[in-house]
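# Fold and contact review
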Amino acid sequence: MESFEKGTKRREGVINIIDLHGTWREMGRQYGSLMASEMKHIYEIAIVKKLVNEYGLDIENMKVRAGKFYANYPFRFKEILRGMSETSGMSLEQIQLVNAVELLAATAQNLPQCTGIAAWGDYVSETLV
């Protein structure tokens with residue numbers, strides 16, 4: 001088991017189990033330290049090798065798009081990402097790209113995307129059920 005500050009990481013087969021404690025920023029710091037190698041791997045393989053080198057996407061355009069996602073996140077989620085950048089050895093821009101990799105990849109390949117909606121209680125009439 002690995003630990004950093006108040007957080008721990010252990011493997012269960014191929015799954016990483018991350019246990020984080022503290023403020024949003026502190027939990028981001030713990031996650032950044034404990035998952036740095038995995039996040040760097042995603043950045044190098046998915047962002048650089050696949051999207052930039054293989055698909056020819058412009059890294060600056062992807063940074064702008066990932067930054068727009070980040071701008072709309074609630075404060076607590078921004079704090080997690082900021083904490084991750086403090087301890088992972090990655091810049092906040094790189095963390096934002098890793099965070100947005102699925103959407104960036106799906107739009108780069110023109111893959112169909114899905115959306116969903118959920119409603120319950122007073123928001124549902126009996127005719128819709």
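This text gives an overview of the structure that appears in the document. All values reported here derive from a predicted model rather than from experimental measurement.

Summing up its helical and strand segments, the protein has 6 helices and 3 strands in all. Listing every helix and strand of the protein by position from the N terminus yields β-β-β-α-α-α-α-α-α. Approximately 8600 Å² of the protein is accessible, and the part contributed by carbon and sulfur atoms is 55%.

With that settled, the discussion passes to the packing of aromatic side chains. Applying the stated criterion to the full structure yields 2 aromatic pairs. Between Y70 and Y73 the ring centres are 6.5 Å apart and the planes differ by 80 degrees, which places this aromatic pair in the edge-to-face class. You can call Y73 partly exposed: its relative accessible area is 24%. An aromatic cluster is present here, built from Y70, Y73 and F77 joined pairwise through their rings. Here K78 stacks its cationic end above the ring of Y70, 5.7 Å away from the centre of that ring.

The next point concerns unusual backbone geometry. One non-glycine residue, E5, lies in the positive phi region at around 50 degrees. Within the fold, E5 resides in the loop between β1 (2-4) and β2 (7-12).

Counted by the stated rule, this structure contains 12 salt bridges. One salt bridge in this structure joins E86 and R29, with 3.1 Å as the shortest N-O distance. Linking E86 in helix α4 (residues 75-87) with R29 in helix α1 (residues 24-34), this pair joins segments that are 57 residues apart in sequence. E86 gets classed as partly exposed once you look at its relative accessible area, which sits at 39%. Under the relative-accessibility criterion, R29 is labelled partly exposed at 22%. Taking the shortest distance from any N to any O, the salt bridge between E54 and K50 comes out at 3.1 Å. With E54 and K50 both in helix α2 (residues 36-54) and 4 residues apart, this pair spans about one turn of that helix. Since its relative accessible area comes to 33%, K50 is described here as partly exposed. The network of salt bridges with common partners includes E5, R25, R29, E79, R82 and E86.

So, how was this worked out
- Residues numbered from 1 in each chain as written.
- Predicted model: local features only at pLDDT ≥ 70, side-chain atom pairs only at ≥ 80, totals over all residues.
- Heavy atoms only, no water.
- Helix = DSSP H or I, 4+ residues; strand = E, 2+ residues; numbered from the N terminus.
- Areas by Shrake-Rupley, 256 points an atom, 1.4 Å probe, with all protein chains shown as cover.
- Phe/Tyr/Trp six-rings, centres within 6.5 Å; stacked < 30°, edge-to-face > 60°.
- Buried < 20%, exposed > 50% of the residue type's maximum accessible area, 1.4 Å probe, protein only.
- Lys NZ or Arg CZ within 6 Å of the ring centre and 35° of its normal.
- Salt bridge = Lys/Arg side-chain N within 4 Å of Asp/Glu carboxyl O.

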